[in-house]
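Results of the structural survey
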Amino acid sequence: MIQIAVFSDVHGNLPALEVVLKDIEQRGISQKFCLGDLVDFAPWGNEVIEKIRSLNIPCLMGNHDERIAFDIPVIPLSKHSEEETNARFIAIDHSKKHITEFNKRFLSELPFHLKLNYKTGKKHWNIQLVHSSLESNDTYLYESENDEIFTSMLESVDADLIVMGHTHLSFQKQFENNTWAVNCGSVGRSKEENRLASYLVVTLDEEKITPEIVQLSYPLEETLRGIEESGIPDYYASFLKNENVLIL
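Residues numbered from 1 in each chain as written. Predicted model: local features only at pLDDT ≥ 70, side-chain atom pairs only at ≥ 80, totals over all residues. Heavy atoms only, no water.

Within the protein, the regular secondary structure consists of eight helices and nine strands. For 248 residues, the compact-globule estimate of 2.2 N^0.38 gives 18 Å, and the C-alpha radius of gyration of the protein, at 17 Å, lies within 12% of that figure. In terms of overall dimensions, the protein has a C-alpha envelope of 55 × 35 × 35 Å along the principal axes. Taking as baseline every contact in the protein between residues at least 6 positions apart, the subset at least 24 positions apart corresponds to 66%. If you sum the accessible surface of the protein, you get close to 11,000 Å²; carbon and sulfur atoms cover 47% of it. One finds the centroid of the 23 positive side-chain charges in the protein at a distance of 4 Å from the centroid of its 39 negative side-chain charges. (Helix = DSSP H or I, 4+ residues; strand = E, 2+ residues; numbered from the N terminus. Rg over C-alpha atoms; globule rule 2.2 N^0.38 Å. Contact = heavy atoms within 4.5 Å. Areas by Shrake-Rupley, 256 points an atom, 1.4 Å probe, with all protein chains shown as cover. Lys, Arg positive; Asp, Glu negative; His and termini not counted. Charge placed at Lys NZ, Arg CZ, Asp CG, Glu CD.)

Our focus in this paragraph is the pattern of salt bridges. One pass over the full model with this rule turns up seven salt bridges. In this structure, Lys 96 and Asp 71 form a salt bridge, with 3.2 Å as the shortest nitrogen-oxygen distance. With Lys 96 in helix α4 (residues 82-98) and Asp 71 in the loop between α3 (63-70) and α4, this residue pair connects regions lying 25 residues apart in the sequence. With relative accessibility at 17%, the residue Lys 96 sits in the buried group. Asp 93 is paired through a salt bridge with Lys 97; the nearest N and O atoms lie 3.2 Å apart. Residue Asp 93 and its partner Lys 97 are both found in helix α4; the two are separated by four residues, about one turn of the helix. (Salt bridge = Lys/Arg side-chain N within 4 Å of Asp/Glu carboxyl O. Buried < 20%, exposed > 50% of the residue type's maximum accessible area, 1.4 Å probe, protein only.)

And the structure:
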């Protein structure tokens, strides 16, 4: 049996990341992977990057990482309210000003995809990791999508499991031949009702793949205080408190 842990979308929330990493360690899982979006919306972007780098955790380039690494302009999105649009501009500008040049270079060199192959007994398992999809790191794929979207992705890369993040909403979908599409949710900026830090544990044995979404509470007050004492809009603290703030 082999176990791996996959997490995504930390968004500068160091207290949440530390809880997730501690839980992974307590489970005795040594293989850890991150699907990106280390920065924006909480004030510990540098610390999160340095934690990932110091632990040698393979990490993909999320859309927020790419924007900060290459100073890509922020484009307003029609799905966002005026309040969220204004907050988003300020929060991302905060990252652009505070993430160090060394850490921006680290973000700029992250891979776009990662494919894993594990052997258990006589069985080889192929696992495809993406931030959001095979073609883009900014595509929103939800549980409600037609199954064919996911099965075609699995077939195109000859994978038994594809794991994604980006939407901050976890799900698990099983298809024929024990193939899966899983969203591991978000560590630091969950959009789920409970706002807990979310990550994925994948168990591989010779017969099957077993995914498990793990959701954990973390010291929320520490994160709220960090946001409120930084130049990041309090809008994002209100969201984490689930105070009638909708972020799409």
